[in-house]
Amino acid sequence: VVQGNTYQFEALSVVLRSMMPPDSGASHIRGPPPDAVLERGSLVWSEQDYMSGPQENLRQLQGYEAEYALRVARSQEGFRDPKVLEGALDLAVAYLKNYAIDKADRLYAATESYCMERGLPWDVKWLQDCATLRCKQARQPEAAVLLEEVARRTPPHPATLNNLGTVYNMMRQHEKAQEYFEAAMEVAGHDEMQKEDLWNIGIAKKHIGEYEEALPMLVQALEEWKRDEPNDD
């Protein structure tokens, strides 16, 4: 696998599937999966910054892939096992950070039904992260649908509303984007605009053509960033 021998991998996959006993359908009749908590502290692969250069990042990622393959091999439940499902979500974000988009896409396709079956917070984690994938694939309309579903399933949250505003800005629906940015500010309880609010709403106004309002907001946002984060390039 590490050497990229797709011919051997394809043949092994076919042989392993052919070794499975005939399926009568009874094996798929199972009750709901046991309750399990999605532990944020267990999502370690996705928390790495991957700033060590392409070769070192690849070596690190391949180590995580091998570790995950062992986890899967030791479980008889596949993605119904919460640790296997948790690992898939963790590895998928690691793929996103390393621009391994196709690998991430395959994991999200494979785990969707299992995350939806478990409900909160598994479903929301899947929806949020898959929305990030869709944006990286320049499939913003699909990302918007996913984020709208997050908003439907969870209480109002500034991050969700800001993400929706960003996606609609990318889709050139700037009035709708501004509405979401203003809603995020309200939910966050900001009596006055913070630098993030100034920037987000200012960008939306610029695209709408409200330049006189947009310019001072963007200038103020940049000044506040320079003041608060002087070492941030």
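Note that the structure is a prediction, hence the values are computed from the model and not measured. (Residues numbered from 1 in each chain as written. Predicted model: local features only at pLDDT ≥ 70, side-chain atom pairs only at ≥ 80, totals over all residues. Heavy atoms only, no water.)

1. Thoughts on helix α6 (residues 140-153)
Taking 1.5 Å of rise per residue, 14 residues should cover 20 Å, and α6 covers 20 Å from first to last C-alpha, within 8% of that figure. Along α6, the positions that sit buried rather than exposed are Q140, A143, A144, L146, L147 and V150. All buried residues of α6 lie within an arc of 165 degrees about the axis, which places them on one face of the element. Exposed positions of α6 whose direction lies more than 90 degrees from the buried face are V145 and R152. (Helix = DSSP H or I, 4+ residues; strand = E, 2+ residues; numbered from the N terminus. Expected span 1.5 Å × (residues − 1). Buried < 20%, exposed > 50% of the residue type's maximum accessible area, 1.4 Å probe, protein only. Arc of directions from axis to C-beta.)

2. Things to note about the pattern of salt bridges
One pass over the full model with this rule turns up 17 salt bridges. With a closest N to O distance of 2.5 Å, E56 and R59 form a salt bridge. Separated by three residues within a single helix, E56 and R59 lie in helix α2 (residues 54-73), roughly one turn from each other. The salt bridge involving E149 is made with R153; its shortest N-O contact spans 2.7 Å. You can see E149 and its partner R153 sitting in helix α6, four residues apart, about one turn around the helix. By relative accessible area, which is 30% here, R153 ends up partly exposed. Taken together, the salt bridges that share partners define one network made up of D105, R134, R139 and E142. (Salt bridge = Lys/Arg side-chain N within 4 Å of Asp/Glu carboxyl O.)

3. As for the packing of helix α4 (residues 101-118) against helix α5 (residues 122-136)
Taken N-terminus to C-terminus, the directions of α4 and α5 make an angle of 155 degrees; their axes are 9 Å apart at the nearest point. The angle between the axes of α4 and α5 places the two elements in the roughly antiparallel class. In terms of crossing hand, the pair formed by α4 and α5 is left-handed. Facing α4, whose interface residues are I101, A104, D105, Y108, T111, E112, C115, M116 and R118, α5 presents W122, D123, W126, L127, D129, C130, L133, R134 and K136. Each residue belonging to the contact of α4 with α5 can be placed in one class, and the counts come to ten nonpolar, one polar and seven charged. (Axes fitted to C-alpha atoms, helices over the stretch in contact; angles between N-to-C directions. Parallel < 35°, antiparallel > 145°, perpendicular 65-115°, else oblique. Left-handed = near helix turned anticlockwise from the far one by under 90°. Contact = heavy atoms within 4.5 Å. Nonpolar A, V, L, I, M, F, W, Y, C, P; charged D, E, K, R; others polar.)

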